[in-house]
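# Remarks on the overall topology
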Amino acid sequence: MTPEGLALLRRGAEELQLDVTPHEAQFARLLALLRSGNERLNLTALKTEEDIVLKHFVDSLTTLRGGHLDGAYRTLDLGTGAGFPALPLAIVRPELDLVPLDSIRKKIDFVRDTAAELGLSHVTPQVGRAETLGQSAEHREQYDRVVARAVAALPVLAELALPLLRVGGVFVAQKGPLSDEELDAGRRAAGEVGGRVIEVDPFTLPVSGDARTLIVLEKQRPTPARYPRREGVPTHQPLF
Ligand code: SAM
């Protein structure tokens, strides 16, 4: 990573009161692996160092706002893609037991190889769809935390994420600007699947000033057995 890239990472982390100094070598390696993986696999649209550091690394770390991931939590990253926010979180939070999930095998193969290269043994990537995992005994209600960045509208996310959480567990959804309509639909969907929106945190990304919103849902009672509905239905026929 260039000195400029490193400065950007430090500046973004500082705004989160996070000291990345002990982790800089791992972030530099992640940058290199992402760039070479991208040439082969076309994993992400972001290609410049500045974009990757700011819009993947720093942006992923903003899920730490509010302190909902400060603990030894079993955490699923729903729709992780090339490993975001899972890999940056795994670097700075070794106590998390992280399961990056994506339905696309080549992405999960990349995340698995990258986690191994970075020595992140607490990361166990999984290929599959959230609809399927949410109805399997192995995964349903087995997680303390679910995170998701840029995956779907809030009502869809609520139906996919809440079944995976134990009662008392927390879902941190990371989005761009959030409309009142989407928030309202998300609140209603959360109620339907056993949860409640407990926090809405709008903020801007350092340097670029891009608008972001963290929406935090808490699971308050078991999700009715009919949710999540079968593959594709939550997206094509959202609850609200
Ligand atoms: N979270 C990553 C990021 O922010 O860079 C990737 C975002 S990408 C726009 C959305 C990802 O979610 C895709 O890789 C897609 O395959 C995955 N995805 C969408 N719906 C899913 C589902 N129901 N189950 C598992 N993965 C899903």
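Quick look at the structure, then. (Residues numbered from 1 in each chain as written. Predicted model: local features only at pLDDT ≥ 70, side-chain atom pairs only at ≥ 80, totals over all residues. Heavy atoms only, no water.)

With that settled, consider the site of the ligand. The ligand sits among 17 residues. The nearest are G79, F84, D102, E131 and R149. Here a nitrogen atom of the ligand and a backbone polar atom of F84 are 2.8 Å apart. R149 places a polar side-chain atom, nitrogen or oxygen, 2.5 Å from an oxygen atom of the ligand. Here the ligand has 600 Å² of accessible area as a free molecule, and 78% of this is covered by the chains. Residues belonging to the shell around the ligand are distributed by class as follows: six nonpolar, six polar and five charged. (Near = heavy atom within 4 Å. Polar contact = N/O pair within 3.5 Å; in protein donor to acceptor, adjacent residues only side chain to side chain. Areas by Shrake-Rupley, 256 points an atom, 1.4 Å probe, with all protein chains shown as cover. Nonpolar A, V, L, I, M, F, W, Y, C, P; charged D, E, K, R; others polar.)

Let us look at the pattern of salt bridges. In the structure shown here, the tally under the stated rule is 18 salt bridges. Taking the shortest distance from any N to any O, the salt bridge between D70 and R93 comes out at 3.0 Å. Here R93 lies in the loop between helix 4 (86–92) and strand 2 (97–102) and D70 lies in the loop between helix 3 (49–61) and strand 1 (74–78), a separation of 23 residues in the sequence. Take R93: its relative accessible area is 15%, and that puts it in the buried class. When salt bridges with common partners are traced through the structure, they connect D51, K55 and D210 into a single cluster. (Salt bridge = Lys/Arg side-chain N within 4 Å of Asp/Glu carboxyl O. Helix = DSSP H or I, 4+ residues; strand = E, 2+ residues; numbered from the N terminus. Buried < 20%, exposed > 50% of the residue type's maximum accessible area, 1.4 Å probe, protein only.)

A separate point is the pairing of strand 5 (residues 165–175). Most of strand 5 is tucked away: eight of the eleven residues are buried. Where strand 4 (residues 143–149) lies against strand 5, six bridges are found, and the strand directions are parallel. From the neighbouring strand, R149 faces strand 5, where its bridge partner is Q174. Each parallel crossover has a hand, and the one from strand 4 via helix 7 (residues 154–161) to strand 5 is right-handed. Judged from the six bridges that link them, strand 5 and strand 7 (residues 211–219) form a sheet pairing that is antiparallel. Counterpart to V170 in the pairing with strand 7 is E218. (Pairing = 2+ DSSP bridges. Right-handed = clockwise from strand over helix to strand, strands pointing away.)

Pairing within the open sheet is mixed, and its seven strands lie in the order 3-2-1-4-5-7-6. Sheet topology places strand 3 (126–127) and strand 6 (195–204) at the edges, where each strand pairs with a single neighbour. Two elements, strand 1 and strand 4, share three bridges in a ladder whose sense is parallel. Bridge pairing links L76 to V146 in strand 4. Across the sheet, helix 5 (residues 105–117) is in contact with strand 2 and strand 3; its angle to strand 2 comes to roughly 155°. (Contact = heavy atoms within 4.5 Å. Axes fitted to C-alpha atoms, helices over the stretch in contact; angles between N-to-C directions.)

Contact geometry of helix 1 (residues 3–15) with helix 3 gives a least axis separation of 9 Å together with a crossing angle of 20°. Here helix 1 lies roughly parallel to helix 3, going by the angle between them. As helix 1 packs across helix 3, the resulting crossing turns out to be right-handed. Here E4, G5, L8, L9 and G12 of helix 1 lie close against helix 3, whose contacting residues are E49, E50, V53, L54, F57 and V58. Its residues assigned to classes, the contact of helix 1 with helix 3 shows six nonpolar, two polar and three charged. (Parallel < 35°, antiparallel > 145°, perpendicular 65-115°, else oblique. Left-handed = near helix turned anticlockwise from the far one by under 90°.)

Attention now moves to the nonpolar core. Counting 44 residues, the largest nonpolar core has L18, F27, F57, V92 and L120 as the members making the most contacts within it. Where this core is concerned, the elements lending two or more residues are helix 1, helix 2 (24–41), helix 3, helix 4, helix 5, strand 5 and strand 7. Filtering out sequence-adjacent residues up to four positions away, V92 remains in contact with L18, V20, H23, F27, L61 and L64. Judged by nonpolar contacts, the second largest core, of 31 residues, contains L154, L160, A190 and Y227. (Core = buried A, V, L, I, M, F, W, Y, C linked by side-chain atoms within 4.5 Å.)

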